[in-house]
Structures are given as C-alpha cells and as structure tokens.
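# Analysis of the macromolecular model
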Amino acid sequence: MATIHHRYATVRGRRLFYREAGPVDAPAIVLLHGFPTSSFMFRNLIPLLADRYHVIAPDHLGFGLSDAPSVDEFDYTFDALADLTRDLLAQIGVDRYALYVQDYGAPVGWRLALADPDAVTAIVSQNGNGYEAGFAEKFWAPIRAYWQARTPETEASMREALTLEVTKWQYLHGVPDESLVSPDTWEHDFALLSRPGNDLVQLQLFVDYAHNLPLYPKLHAYLRDSRVPLLAVWGRNDEIFQAPGALAFAEDSPDAEICLLNGGHFLLESHLDAAAGIIRSFLERSLPER
C-alpha cells in the first residue's frame, strides 16, 4: 500500500494543500480536481498509481483544505488557479508531468499545457471538457444565462448548484448502482461549499468559466501540433459534460484513446477499478521509463 503524504506549501502568499505519493524519481502525474470537490476525489486512485508514478494532487485555492480567501482578497479566475498550480509544481521540483484533468481541472490543465507544452508528457481527461460538443445543454443553459447577465434571477439559478441536493446529484446522476457511491463524497463537498464567503468564490468562478471557451481553438491546435498521448475515459451518462465531448478529442488527436464507461460525472466513485486499469495501461504505454 502506497504511503500518501498530506502537505502544505505557501505559493504567492497562499497556503495550498496537496497530496503526494510514489517515488519522487518516477514519472510524475498531476491530478487536477473539479467542482465542487478537491483532491479528496482522488483518495482511492492515488494508491493505485503511486507504486509506479510520482503522484501530486493539489486542492485549488478556494477548495478542499487550501486557503479560501474572500473575493475581496483574491480575484478568482481560472488563469489565477493555473498560475498557482504552475508555481506549486515548480516549488516542489516537478517540471515534467502527465496531466489528469476532471471538470474544473480541465481549464486549469489546458492553461498549463498551453503555457509550457514541453512539460506535459501525456493527458488523461476524465470528464474534463475541451470542446463545445461536451456541454450538456440542459445543465449549461442557466450558466450561459449567468454569463450574459448577473441578475438576481440568474444568480438564484447558480446558487442552486451550491445546495446539498445538487451536490448529491452530481455524484449520483448516471450511476446505475447508486449504492456504490459513498455519501461521504457529497457531505464532504457540501460542508466545504458552505463555509462563510465560499458561495461568492464559486459564483465568481461560474462567471469566469466563460473565458475557458475561447481557449478551445488553442487547445485543439496544441493537440494537433504536439501529438501528446491522450486518453479520454468518461462516464458516458454524464449530464454535465456529455460523451460527445470525449469523442471530439479524436478530431485533433487521431491517436487518442477514448473509453466510455457506464457511469456519471464522478466516475472514480462507481468505476474505480475499471478506470484505474485503463489509466494505468495508457500511462505504461505513454510515459517514459524513469
């Protein structure tokens, strides 16, 4: 069983939490979590990778056990989250790595790859979107309305995403056997979402998500030019980032491996063994030996 270290680092004056495991001289893989969770979502995957890889899983600022300054103290944007992640990796001496991106982790990871293409050795996208085709329209319609106008009505729709009911839904939708998903997941996330002032943090990131879409053409060019090995392993029943978003990677990465499993948005909670096996096989073929 891998030893997992639970660490903190001060980056740009902010305290960031991260989980680290595996041999430090092994090929590195950086796990970037989505909304509304944290590196907690990788608690069971890390031991399945750390025998062979140096695994780093940070909590984004405002999430998990990292600092969560108010919106008056920090300008929450995906650019800023990517900058903090880049500086964290530099501080701990990780300059080449594979990326695992899920949900919010995708726009953070895309920025890292675009800023330093040579640093990224491979990409695993687990319901981490990079194409317009990936947006499930029913879910994203109120978010797009919020992008267009921040009114009491559009904000009320966004605040529903911060409720326990919707947090639970994100874990259970599309999962054939809901008993496989531990209630600890949504209870853990909801407790952190409910911290005073965190609602405004999340609302700010909802607004800033609109700035991720203009990056997509640059991402697609990067995939074509770099030929970086890419695996899209998705829950095909995801009603946030739908399966066509996984299939779309093949448009720009013809050698992409695409696996759709019978799960939802948080695939690791119900299909850990299957997903981990696919990921390990991909990494073993794609990453250089240490």
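All of the points below concern the structure found in this document. This structure is a prediction, so every number in the text was calculated from the model and none was measured.

The subject of this paragraph is the packing of aromatic side chains. On inspection of all chains with the given rule, the structure shows 21 aromatic pairs. Ring geometry for Phe35 versus Tyr104: centroids 5.6 Å apart, planes at 35 degrees, classification tilted. In this pair, Phe35 is assigned in the loop between strand E3 (28-32) and helix H1 (46-49) and Tyr104 in the loop between strand E5 (97-101) and helix H3 (105-115), connecting sequence segments 69 residues apart. Look at Phe35 and you get buried, because its relative accessible area is 6%. Over the face of the ring belonging to Phe40 we find Arg43, whose NZ or CZ atom lies 4.2 Å from the ring centre. It is Arg144 that lies over the ring of Phe135; its NZ or CZ is 5.0 Å from the centre.

One finds Tyr97, Phe206, Tyr209 and Leu223 to be the most contacted residues of the largest nonpolar core, which totals 64 residues. In terms of residues, this core owes the most to one element, helix H2 (residues 78-91), which gives seven residues. Beyond its immediate stretch of four places on either side in the chain, Tyr209 contacts Phe78, Tyr104, Pro107, Phe135, Trp140, Trp147, Tyr216 and Phe241. The next biggest cluster of nonpolar side chains, apart from the first, holds 34 residues, and it includes Ile46, Leu49, Ala57 and Ala98.

This part takes up empty space enclosed by the protein. Summed over all chains, the structure comprises one cavity of 30 Å³ or more. Every residue lining the largest cavity is listed: Leu16, Pro58, Asp59, His60, Leu61, Leu81, Leu84, Thr85 and Leu88. The greatest single-element share of the lining of the largest cavity, amounting to four residues, is contributed by H2. Residue composition of the lining of the largest cavity, grouped by class: six nonpolar, two polar and one charged.

Turning to the layout of surface pockets, a few remarks are in order. Quantified by volume, the largest pocket comes out at close to 520 Å³. In terms of lining residues, the largest pocket is bounded by 21 residues, among which Phe139, Pro142, Ala161, Val166 and Trp169 are the most central. Of all the elements in the fold, those that place two or more residues in the lining of the largest pocket are helix H4 (137-148), helix H5 (152-160) and helix H6 (164-172). Of the residues belonging to the lining of the largest pocket, the class tally is 15 nonpolar, two polar and four charged. Taken as a whole, the second largest pocket spans an internal volume of roughly 170 Å³. Forming the boundary of the second largest pocket are 14 residues, of which Ala26, Pro27, Ala28, Asp95 and Arg96 lie nearest the centre. Grouping the constituent residues of the lining of the second largest pocket by class yields nine nonpolar, three polar and two charged.

Turning next to the environment of Glu257. Its place among the elements puts Glu257 in strand E8 (residues 257-261). The exposure class of Glu257 is partly exposed, given its relative accessible area of 26%. Residues Glu257 and Val124 lie 133 residues apart in sequence; the distance between their C-alpha atoms is 9.5 Å. If we ignore the near neighbours within four places in the chain, the residues touching Glu257 are Leu230, Leu231, Ala232, Phe282 and Arg285. Among the polar contacts listed, one links the side chain of Glu257 to the side chain of Arg285, at a separation of 2.4 Å.

A word on the pattern of salt bridges. Applying the stated criterion across every chain yields a total of 14 salt bridges. The residue Arg43 makes a salt bridge to Glu269 at a minimum N-O spacing of 3.0 Å. Of this pair, Arg43 sits in the loop between E3 and H1 while Glu269 sits in helix H12 (residues 267-270), and the two are 226 residues apart along the sequence. In this structure, Arg43 and Glu269 share a single accessibility class: buried. Ionic pairing is found between Arg224 and Asp252, a salt bridge with its closest N-O pair at 2.6 Å. Note that Arg224 is positioned in helix H9 (residues 216-226) and Asp252 in helix H11 (residues 249-252), a separation of 28 residues in sequence.

Relative orientation of the contacting elements H3 and H9 amounts to 55 degrees, with a least axis distance of 10 Å. What the angle tells us is that H3 and H9 run oblique. For the element pair H3 and H9, the recorded crossing hand is left-handed. Each of Trp110, Ala113 and Leu114 in H3 lies in contact with H9, whose residues at this interface are Lys218, Leu219 and Tyr222.

Read from one edge to the other, the open sheet built from eight strands follows the order E1-E2-E4-E3-E5-E6-E7-E8, with strand pairing classed as mixed. Both edges of this open sheet fall to strand E1 (4-11) and E8, since each of them pairs with a single strand only. Direction aside, the axes of adjacent strands within the sheet are offset by 20 degrees on average. Here strand E6 (residues 120-125) pairs with strand E7 (residues 230-235) via three bridges, running parallel. Note that in E7 the partner of Ile123 across the bridge is Leu230. The strands touched by H3 within the sheet are E3, E5 and E6, with E5 carrying the most contacts at an inclination of about 155 degrees.

Conventions adopted
Residues numbered from 1 in each chain as written. Predicted model: local features only at pLDDT ≥ 70, side-chain atom pairs only at ≥ 80, totals over all residues. Heavy atoms only, no water. Phe/Tyr/Trp six-rings, centres within 6.5 Å; stacked < 30°, edge-to-face > 60°. Helix = DSSP H or I, 4+ residues; strand = E, 2+ residues; numbered from the N terminus. Buried < 20%, exposed > 50% of the residue type's maximum accessible area, 1.4 Å probe, protein only. Lys NZ or Arg CZ within 6 Å of the ring centre and 35° of its normal. Core = buried A, V, L, I, M, F, W, Y, C linked by side-chain atoms within 4.5 Å. Contact = heavy atoms within 4.5 Å. 1 Å grid on protein atoms, 1.4 Å probe; cavity = no way out; pocket = protein on both sides within 12 Å on 5 of 7 lines; lining within 4 Å. Points joined across faces, edges and corners; volume = space filled by probe spheres on them. Nonpolar A, V, L, I, M, F, W, Y, C, P; charged D, E, K, R; others polar. Polar contact = N/O pair within 3.5 Å; in protein donor to acceptor, adjacent residues only side chain to side chain. Salt bridge = Lys/Arg side-chain N within 4 Å of Asp/Glu carboxyl O. Axes fitted to C-alpha atoms, helices over the stretch in contact; angles between N-to-C directions. Parallel < 35°, antiparallel > 145°, perpendicular 65-115°, else oblique. Left-handed = near helix turned anticlockwise from the far one by under 90°. Pairing = 2+ DSSP bridges.

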